[in-house]
Amino acid sequence: MNPLFQQLGFAPADILIPQNCDLSKWSVVACDQYTSQPEYWERVANYVGDAPSTLRLVFPESDLNRPDKEEKIKEINRTMEEYLAEGRFRTLSDSLVYVERWLDNGTLRRGLVGMVDLEQYDYTPGSSALIRATEGTVLSRIPPRVAVRRNAALELPHVLMLLDDPDCQIIEPLTLETGEMEQVYDFDLMERGGHITGYRMTEEQTALVADQLAALADPAVFEEKYQAPGKAPLLFAIGDGNHSLASAKAAYEEKKGTPEAALARYALVELGNLHDESLEFEAIHRVCFNVDGKELLGALLAYYPGAHLGRGEGQTIRYVTEGEEGVVTVPDAPSQLSVGTLQKFLDAYLPTVGGTVDYIHGEDVTRELGSKPGNMGFLLDPMGKGELFQTVIFDGVLPRKTFSMGEAHDKRFYLEARRIK
């Protein structure tokens with residue numbers, strides 16, 4: 001690892017860049033997107049045809065239950081070896097790649113591609129690691145991903161990791177410095193993915209980033225910034241791709257004590273700024289089914305002493321049920337966010353009455369479903385960007401389905417690679 005980054009958990013890497021191929025066919029979206037839309041992946045396959053592509057190096061999650069998945073994984077591994085043998089990549093040694101991506105909506109997202117030290121990342125609740133998950137990890141989703149990674153020669157990143165830089169002093173200024181960098185790719189992404197350009201950063205620019213990240217990680221700076229005396233510094237939070245990174249961690253743990261552990265210890269990610277204007281947090285609402293709205297409301301008020309109908313001092317939670325819409329106020333709420341307070345109650349209450357919950361995008365849909373007989377909807381406010389790190393620091397990982405970060409076509413596309421074997 002580059003010694004300037006030794007204590008930061010994120011560092012330059014030996015990054016493999018594809019060459020001598022159509023990059024628009026090479027680069028496909030994260031494997032955990034469009035899981036209920038197999039027609040999307042069929043369309044991508046038809047577009048790619050026989051061209052070299054990351055489509056042949058990843059396992060779309062829409063296919064994870066196919067009966068021949070073991071053979072599919074072996075085929076992926078063989079293709080990785082073939083691409084390496086035929087010189088499909090050029091290597092950028094000990095490098096950070098500065099990425100500019102114009103999204104389909106016309107906004108610009110900036111990031112840095114480098115590697116994470118998995119020894120400094122932890123996804124378990126209550127972790128004090130320098131790099132942490134933002135949402136609860138579903139452990140059942142890890143083994144299938146580890147199976148894909150276990151014997152793979154390469155990894156390809158779709159993880160988007162976040163730093164908290166409200167003054168936009170670390171990544172954003174690089175926009176004005178691309179003239180000093182080597183451009184390593186520049187092309188249109190398929191399927192409304194927008195346009196992406198990548199630049200290899202200079203040694204001087206890389207060293208400055210190391211200094212700036214070290215300043216953010218300083219315990220005294222951290223304590224003052226978050227008013228968190230005694231709390232372990234949190235430098236990076238995983239925004240997208242937590243299950244992918246958790247799987248990389250699990251695969252590394254399997255290889256500890258073997259010669260392969262040295263490469264497996266790290267994982268490629270793209271580091272972005274939480275305060276990048278292109279990153280929009282959208283609330284994910286809740287609708288409960290097979291419940292009695294009045295009984296559920298009464299149980300919620302009883303669950304939190306002092307909770308009452310109407311707005312007041314404390315956290316507020318909006319609800320809609322058949323013929324009624326209103327607000328519950330919870331004083332002295334147990335969570336930093338109202339979604340955490342609500343989810344804690346729902347997890348305890350719904351199993352006792354045989355109810356279920358679904359996670360809904362959009363207030364109109366939530367109102368429509370919540371107002372039907374036997375249902376109840378809860379409308380949650382979007383989480384402010386300034387609340388993300390604060391909540392992870394004081395509450396640990398957020399409740400599942402707390403927020404959505406961008407549309408599916410805006411997620412990271414596979415492009416760069418790194419040897420892990």
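Everything discussed here concerns the structure shown above.
Calculation rules
Residues numbered from 1 in each chain as written. Predicted model: local features only at pLDDT ≥ 70, side-chain atom pairs only at ≥ 80, totals over all residues. Heavy atoms only, no water. Helix = DSSP H or I, 4+ residues; strand = E, 2+ residues; numbered from the N terminus. Buried < 20%, exposed > 50% of the residue type's maximum accessible area, 1.4 Å probe, protein only. Polar contact = N/O pair within 3.5 Å; in protein donor to acceptor, adjacent residues only side chain to side chain. Contact = heavy atoms within 4.5 Å. Core = buried A, V, L, I, M, F, W, Y, C linked by side-chain atoms within 4.5 Å. Salt bridge = Lys/Arg side-chain N within 4 Å of Asp/Glu carboxyl O. Axes fitted to C-alpha atoms, helices over the stretch in contact; angles between N-to-C directions. Parallel < 35°, antiparallel > 145°, perpendicular 65-115°, else oblique. Left-handed = near helix turned anticlockwise from the far one by under 90°. Nonpolar A, V, L, I, M, F, W, Y, C, P; charged D, E, K, R; others polar. Arc of directions from axis to C-beta. Pairing = 2+ DSSP bridges.

A. Highlighting the side chain of threonine 197. Among the secondary structure elements, threonine 197 is positioned in strand E11 (residues 195–200). Its relative accessible area of 7% is what places threonine 197 among the buried residues. A polar atom in the side chain of threonine 197 sits 2.7 Å from the side chain of aspartate 186. For threonine 197, the contacting residues outside a window of four places in its chain are Tyr98, Val99, Glu100, Gln183, Tyr185 and Asp186.

B. Structural context of the nonpolar core. Ranked by internal contacts, the top residues of the largest apolar core, which has 49 residues, are Met80, Phe89, Val97 and Tyr185. Here the element with the most residues in this core is helix H3 (residues 69–85); it accounts for 5 residues. Residues within four places of methionine 80 in sequence aside, it is in contact with Leu57, Ala152, Ala153, Leu154 and Leu156. In this structure, Val116, Ile131, Ile171 and Tyr252 belong to the second largest nonpolar core, which totals 42 residues.

C. Highlighting the pattern of salt bridges. Evaluated as defined, the whole model comprises 23 salt bridges. Between arginine 88 and glutamate 86 there is a salt bridge, with the nearest N and O atoms lying 3.0 Å from each other. By relative accessible area, which is 45% here, glutamate 86 ends up partly exposed. For aspartate 240, the salt bridge is made with lysine 411, and the minimal N-O distance between the two is 3.1 Å. Note that aspartate 240 is positioned in strand E12 (residues 236–240) and lysine 411 in the loop between strand E21 (403–405) and strand E22 (418–419), a separation of 171 residues in sequence. With a relative accessible area of 10%, lysine 411 lands in the buried category. Here the salt bridges share partners, and the residues they tie into one network are Arg318, Glu325, Glu363, Arg367 and Asp381.

D. Geometry of the packing of helix H9 (residues 293–303) against helix H10 (residues 338–353). Axis separation between H9 and H10 bottoms out at 11 Å; the angle between their running directions is 125°. Considering the angle they form, H9 stands oblique to H10. Every pair of crossing elements has a handedness; the one defined by H9 and H10 is right-handed. Of H10, the residues touching H9 (which contributes Glu295, Leu296, Ala299, Leu300 and Tyr303) are Lys344, Phe345, Ala348, Tyr349 and Leu350. Its residues placed into classes, the contact of H9 with H10 shows 8 nonpolar, no polar and 2 charged.

E. Expanded view of helix H11 (residues 363–370). Burial in H11 covers these residues: Thr366, Leu369 and Gly370. The buried side chains of H11 occupy one side of the element, clustering within an arc of 95° when seen end-on. Those residues of H11 that are buried are in contact with strand E15 (285–289), strand E17 (315–321), strand E19 (356–360) and strand E20 (375–379).

F. Structural view of the pairing of strand E13 (residues 266–273). Most of E13 sits out of view: 8 of its 8 residues are buried. The side-chain alternation of E13 yields two buried faces, one formed by Tyr266, Leu268, Glu270 and Gly272 and the other by Ala267, Val269, Leu271 and Asn273. As judged from the 6 bridges shared by strand E5 (residues 108–117) and E13, these two strands associate in the antiparallel manner. Following the sheet pairing, valine 113 is matched in E13 by glutamate 270. By the bridge criterion, 4 bridges tie strand E9 (residues 160–163) to E13 in an arrangement that is parallel. The residue of E13 that forms the bridge with methionine 161 is leucine 271.

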